[in-house]
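# Structural overview for review
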Amino acid sequence: MFELILRLYLILQVCAFVASTPPSCTKLLGQLGEAQKNFITCVTDHSVPITICSTCKEKFSIMRMQYQTLLEDKNCTSYFNHDRLNLIPTTQNLLTSIWSKAYCEECFVEDALTHYTEKYDIYKGCLDEKNTTDRCLQCLNFYKDLNSYFISLDQRYNGKVCFEMQDKMNRTRYQWSKEWKCCQREPKLTNFIVAFILVIGLPLIFYSSSYMITSYRENNHGTLNDEDPLLNMPAPTLSTSSTATPGTTSLLTSSTNLTEATPAVTKKMS
């Protein structure tokens, strides 16, 4: 009886030891591959419209946990940096980049995605209840509230808004403006007339001013050309300074006598 109890005790100890032994690297690698496959399937199934952040969050967390477990196991270091391809870290980084590029972590900061979904559901419910002719007017406030909340998130996170919200907001704006035609802007005739007058009037004013200035310059130029500068030039005056030198005085006297004698000579010759 004692031997039977001893054997049973030893068997239980062996089972406990086996249960406490960590799984092999091959098993951990298989679990990681299964988690990656589930995440890829989830991303593919929810790619259009994009809902990967809210739908695939749990699968992404499991995949990240399985990779971390394999990475921290000292017996599994041969799976990392073993060759040039380094396939396991490369594959994990590629899948993680999908989550990062979609800014999925920002979806859950301050429950942003939850608040956005609540506002969107109110807006969508209004569209479903109202008639086609009334939905633009009746649902306008709900649309503005949804759009304002998205703009506030975009400003707060410098454009790094959860891509699931970005995709839904882009589709909402397209539906509101293109499908329901709720963003029709009526052109103002007054603004058009003012712009038309400016476009037509400015060239006319410019060319009229240029013509007047050119004509004025040509008229002034003709008046100046009609005057003979030689005829209008004042005659030079001869002034004798009281302090003139004797040589200068004699030259002036000779010139005067010569001028007076010229008529007499001319008369005698005739």
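Above: the structure in question.
This write-up is about the structure you can find in this document.

Quick notes on the rules
- Within every chain, residues take consecutive numbers counted from 1 along the sequence as written.
- With the structure being a predicted model, the display of local features is reserved for residues of pLDDT at least 70 and the display and counting of side-chain atom pairs for 80 or more, all residues being used for whole-chain, interface and lining totals.
- Side-chain descriptors were evaluated using all non-hydrogen atoms of the structure, hydrogens and water having been removed beforehand.
- Buried Ala, Val, Leu, Ile, Met, Phe, Trp, Tyr and Cys residues form a nonpolar core when they are joined through side-chain atoms within 4.5 Å.
- Type-normalised accessible area, obtained with a 1.4 Å probe on protein chains alone, sets the label of each residue: buried when under 20%, exposed when over 50%, and partly exposed for intermediate values.
- Comment: elements are numbered from the N terminus, with helices defined as DSSP H or I runs of at least four residues and strands as E runs of at least two.
- Either an automatic procedure or a domain database provided the assignment from which the domain bounds are taken.
- In this description, contact between two residues means that some pair of their heavy atoms is separated by no more than 4.5 Å.
- Only centres within 6.5 Å qualify two rings of Phe, Tyr or Trp (six-membered ring in Trp) as a pair; their planes then separate them into stacked at under 30 degrees, edge-to-face at over 60, and tilted for everything else.
- For helices, the fitted axis covers only the stretch in contact; all axes are lines through C-alpha atoms, and the angles between them, taken along N-to-C directions, range from 0 to 180 degrees.
- Should an angle fall under 35 degrees it is called roughly parallel, over 145 degrees roughly antiparallel, and 65 to 115 degrees roughly perpendicular, with every other angle called oblique.
- By definition, turning the near helix anticlockwise from the far helix through less than a right angle yields a left-handed crossing, and turning it clockwise yields a right-handed one.
- Under the convention adopted here, Pro, Cys and the residues Ala, Val, Leu, Ile, Met, Phe, Trp and Tyr are nonpolar, Asp, Glu, Lys and Arg are charged, and Gly plus all remaining residues are polar.
- One less than the number of residues in a helix, times 1.5 Å, gives the span that helix is expected to have.
- Think of the arc as the fan of directions from the helix axis to the C-beta atoms.
- Disulfides are defined as pairs of cysteine sulfur atoms found within 2.5 Å of each other.
- Salt bridges are defined as contacts in which a side-chain nitrogen from Lys or Arg sits within 4 Å of a carboxyl oxygen from Asp or Glu.

### Notes on the nonpolar core
- Formed by 35 residues in total, the largest nonpolar core has its most connected members in F39, I52, Y116 and M165.
- Of all the elements in the fold, those that place two or more residues in this core are helix 2 (25-45), helix 3 (52-55), helix 4 (57-72), helix 5 (87-101), helix 6 (112-129), helix 8 (140-156) and helix 9 (163-179).
- At seven residues, helix 6 tops the list of elements feeding residues into this core.
- Each of domain 1 (22-102) and domain 2 (110-179) gives at least three residues to this core.
- Those residues within four positions of Y116 in sequence are excluded, and the remaining contacts are L146, Y149, F150, M165, K168 and M169.
- Formed by eight residues, the second largest nonpolar core is a distinct cluster that contains C25, Y67, L70 and I88.

### Remarks on the packing of aromatic side chains
- All chains considered together, the criterion is met by eight aromatic pairs.
- A ring pair is formed by F39 and F60, whose centres lie 5.5 Å apart and whose planes are at 50 degrees; its orientation type is tilted. Within this pair, whereas F39 is found in helix 2, its partner F60 is found in helix 4, the two being separated by 21 residues in sequence.
- Their ring planes at 55 degrees and their centres at 6.0 Å tell us that Y123 and W176 sit as a pair that is tilted. A residue pair is termed long-range when its members are at least 10 positions apart, and Y123 in helix 6 and W176 in helix 9 qualify at 53 residues.
- Y123 gets classed as buried once you look at its relative accessible area, which sits at 0%.
- Taking the relative accessible area as the measure of exposure, W176 reaches 1% and is therefore buried.
- Put simply, the rings of Y120, Y123, Y143 and W176 touch in pairs and so form one group of aromatic residues.

### With respect to the packing of helix 6 against helix 9
- One can describe the packing of helix 6 onto helix 9 by two numbers: an axis separation of 11 Å at closest approach and a directional angle of 20 degrees. Taken together, the axes of helix 6 and helix 9 are roughly parallel relative to one another. Of the two possible hands of crossing, helix 6 and helix 9 adopt the one that is left-handed. Seen from helix 6, the contacting residues are A112, L113, Y116, Y120, Y123 and L127; seen from helix 9, they are E164, M165, K168, M169, T172, Q175 and W176.
- In terms of residue class, the contact of helix 6 with helix 9 is made up of nine nonpolar, two polar and two charged.

### Some points on the side chain of Q36
- For Q36, the location among the structural elements is in helix 2.
- Taking relative accessible area as the criterion, Q36 reaches 12% and is therefore assigned buried.
- If sequence neighbours within four positions are ignored, Q36 has contacts with M63, T91, Q92 and L95.

### Remarks on helix 6
- For helix 6, built from 18 residues, the straight-helix expectation of 26 Å at 1.5 Å per residue is met to within 8% by its first-to-last C-alpha distance of 26 Å.
- Within helix 6 the residues assigned to the buried category are A112, L113, Y116, Y120, Y123, C126 and L127. One face of helix 6 carries all of its buried residues, which in axial projection span an arc of 150 degrees. Exposed and oriented more than 90 degrees from the buried face of helix 6 are D128 and E129.

### Structural notes on the state of the cysteines
- Inspection of the entire model under this criterion finds six disulfides.
- With a sulfur-sulfur separation of 2.1 Å, C53 is cross-linked through a disulfide to C104. Judged by the sign of its S-S torsion, about -65 degrees, the bond between C53 and C104 is left-handed. Residue C53 is located in helix 3, and its partner C104 is located in the loop between helix 5 and helix 6; the two are separated by 51 residues in the primary sequence. Summarising the burial analysis for this pair, C53 and C104 share the class buried.
- Cysteine pairing for the protein chain, with bonded cysteines counted in sequence order: 1-5, 2-4, 3-6, 7-11, 8-10, 9-12.
- Left unpaired, C183 is separated from the closest cysteine sulfur, that of C182, by 6.8 Å.

### Describing the pattern of salt bridges
- Counted under the stated rule, the structure contains five salt bridges.
- Between D167 and R171 there is a salt bridge, and its shortest N-O distance comes to 3.0 Å. On the criterion of helical spacing, the pair formed by D167 and R171 is a turn pair, its members being four residues apart in helix 9.
- On the accessibility criterion, D167 (14% relative accessible area) is buried.
- By relative accessible area, which is 44% here, R171 ends up partly exposed.

By themselves these figures say nothing about function.
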